[in-house]
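A structural walkthrough
Chain by chain, the residues run as shown.
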Amino acid sequence: MSALALSGPVRVTLRQHRTTLWTVGALALAGIASVVIAWLVVASATDTFADTGCSVSKVTHGCGIAVRHFLSVSFHFHQLLEYAGLVMMLVPAFVGMFVAGPMVARELESGTFRLSWSQGISPARWLAAKLAVPAVATVAGVSVLSAVYTWAVPRADRTQYPMETYDRTVYGSMGTVPVGYTLCMLALGTLAGLLLRRTFPAMIATVVAYAPLTAIMNRVREDLWPTVRVTENQWVRDNTTWLVDSETLTASGKPLDPAVCGEPGAPAACKGAVDYVDYHPLSHFWPLQLVETGILLAVAALAVALAFRVLRGLPA
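Residues numbered from 1 in each chain as written. Predicted model: local features only at pLDDT ≥ 70, side-chain atom pairs only at ≥ 80, totals over all residues. Heavy atoms only, no water.

**Focus: the packing of helix α3 (residues 64–110) against helix α5 (residues 123–152)**
The geometry of α3 relative to α5 is characterised by a closest axis approach of 11 Å and an angle of 180 degrees between their N-to-C directions. What the angle tells us is that α3 and α5 run roughly antiparallel. Contacts between α3 and α5 pair F77, L81, A84, G85, M88, V91, V95, V99, M103, V104, E107 and L108 from the former with W126, K130, P134, T138, V142, L145, S146, Y149 and A152 from the latter. Classifying every residue of the contact of α3 with α5 by side-chain character gives 16 nonpolar, 3 polar and 2 charged. (Axes fitted to C-alpha atoms, helices over the stretch in contact; angles between N-to-C directions. Helix = DSSP H or I, 4+ residues; strand = E, 2+ residues; numbered from the N terminus. Parallel < 35°, antiparallel > 145°, perpendicular 65-115°, else oblique. Contact = heavy atoms within 4.5 Å. Nonpolar A, V, L, I, M, F, W, Y, C, P; charged D, E, K, R; others polar.)

**Topic: a nonpolar patch on the surface**
Taken together, the side chains of V36, L40 and W151 define a hydrophobic patch exposed on the protein surface, amounting to about 250 Å² of accessible area. By relative accessible area, which is 30% here, W151 ends up partly exposed. (Patch = residues over 30% accessible without salt bridge, like charges linked within 9 Å, V, L, I, M, F, W, Y side chains within 5 Å. Areas by Shrake-Rupley, 256 points an atom, 1.4 Å probe, with all protein chains shown as cover. Salt bridge = Lys/Arg side-chain N within 4 Å of Asp/Glu carboxyl O. Buried < 20%, exposed > 50% of the residue type's maximum accessible area, 1.4 Å probe, protein only.)

**Regarding the environment of R198**
On the secondary structure map, R198 appears in the loop between α7 (177–196) and α8 (199–220). Along the sequence, R198 and P226 sit 28 residues apart, while their C-alpha atoms lie 44 Å from each other. Non-local contacts of R198, meaning those with residues more than four positions away in its chain, are made with A105 and E109.

**Thoughts on the pattern of salt bridges**
Taken as a whole and assessed by the stated rule, the structure comprises 5 salt bridges. Note that R229 is salt-bridged to D278, the shortest N-O span being 2.8 Å. Here D278 lies in strand β3 (residues 274–280) and R229 lies in strand β1 (residues 228–231), a separation of 49 residues in the sequence. Since its relative accessible area comes to 11%, D278 is described here as buried. If you follow the salt bridges from partner to partner, you end up with R229, E247 and D278 in one network.

**Side note on the layout of surface pockets**
The volume enclosed by the second largest pocket comes to roughly 160 Å³. The wall of the second largest pocket is formed by E164, Y166, D167, R168, N218, R219, R221, E222 and W242. Its residues assigned to classes, the lining of the second largest pocket shows 2 nonpolar, 1 polar and 6 charged. (1 Å grid on protein atoms, 1.4 Å probe; cavity = no way out; pocket = protein on both sides within 12 Å on 5 of 7 lines; lining within 4 Å. Points joined across faces, edges and corners; volume = space filled by probe spheres on them.)

**Considering α7**
Under the 1.5 Å per step criterion, the end-to-end length of α7 is 28 Å for 20 residues, consistent within 8% with the ideal 28 Å. Of all 20 residues in α7, 17 are buried; the element is thus mostly enclosed. (Expected span 1.5 Å × (residues − 1).)

**A word on empty space enclosed by the protein**
On inspection of all chains with the given rule, the structure shows 1 cavity of 30 Å³ or more. Of the pockets and cavities examined, the largest cavity occupies roughly 40 Å³. Looking at the largest cavity, the residues that line it are M89, G172, Y181, T214, N218 and R221. Tallied by class, the residues present in the lining of the largest cavity amount to 2 nonpolar, 3 polar and 1 charged.

**Structural notes on the packing of α5 against α7**
Interhelical geometry of α5 versus α7 gives an angle of 155 degrees and a closest axis separation of 9 Å. On the basis of their axis angle, the class for α5 and α7 is roughly antiparallel. In this structure, the crossing between α5 and α7 has a hand that is right-handed. Every residue of α7 that contacts α5 at W126, L127, L131, P134, A135, T138, V139, V142, S143 and S146 is listed here: P178, V179, T182, L183, L186, T190 and L194. When its residues are assigned to classes, the contact of α5 with α7 shows 12 nonpolar, 5 polar and no charged. (Left-handed = near helix turned anticlockwise from the far one by under 90°.)

**Describing the side chain of S74**
Relative to the helices and strands, S74 is located in helix α3. Ignoring sequence-local partners within four residues, the contact set of S74 consists of T159, Q160 and Y161.

**Topic: the sheet that holds β3**
Within the open sheet, the 3 strands sit side by side as β1-β3-β2. Their pairing is antiparallel. The outermost strands of the open sheet, each flanked by one partner alone, are β1 and β2 (242–249). Geometrically, the sheet is characterised by an average inter-axis angle of 25 degrees between neighbouring strands, direction not taken into account. Of the pairings in the sheet, the one linking β2 to β3 comprises 7 bridges and is antiparallel in character. Among the inter-strand pairings, W242 is bridged to a residue of β3, identified as H280. (Pairing = 2+ DSSP bridges.)

Below is the structure:
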């Protein structure tokens, strides 16, 4: 299907929903500006605090005000990133609701889709336009938001409140995963709108679908890339690693309950037993991101294929 064939329906869709699109764009720019400005304040406060010669960990006479100001600024930056992460996690559900309700189900419910179809626009072109407009806006907008968040999170390490890279909210707001979730919910929202053909039920169904999707992906995420196994003494715990599992093995390699070894009369197998940890280092961030994104895009492609199949069964 050529871009020229889609240009008419796309223009109509843009005109229909221009207020919503402009509002969302303005809110995204406001969010980006807030994060950047907050970091500039933190960077200035960090440099100023370093020049005072004071220390957070060591009580020094005359440093109380400087320490409190530095901690306050750091904490508020941490909170801002937490709230921004929560908002990023809600974006896919919002996009899915918007597509399922106002863009698809409302036209089917009111019958206005017949006007488009009667003017030489095929059902496939009509649906492709409904998908193209939010898809382009999603890829552009969410990519920028994710890039800004990915840029901001490591900078929290300069404060007293660093962010955990593999925390569900933080991880789900960085890299390519937010785009994958949003495109997936866009596709599922479209499918829900075509199946239910009523605005409110389609929006509710889309939100309900988001919960198990995120729950399943959060559950299987740790298995999307092989973990690294080291002894507990070799493992260095910091905010960029993800502890997946720990295990105690005997000298022969058999699993052993570590609590048994701490009791009187511990078995001989405890002698020479070694504690191991399985974890994801920071170097696994992008492999995990790309695999999860690929799964989400595959689900999105399946939902789109089903949506076009359902479309063929709609009465003209």
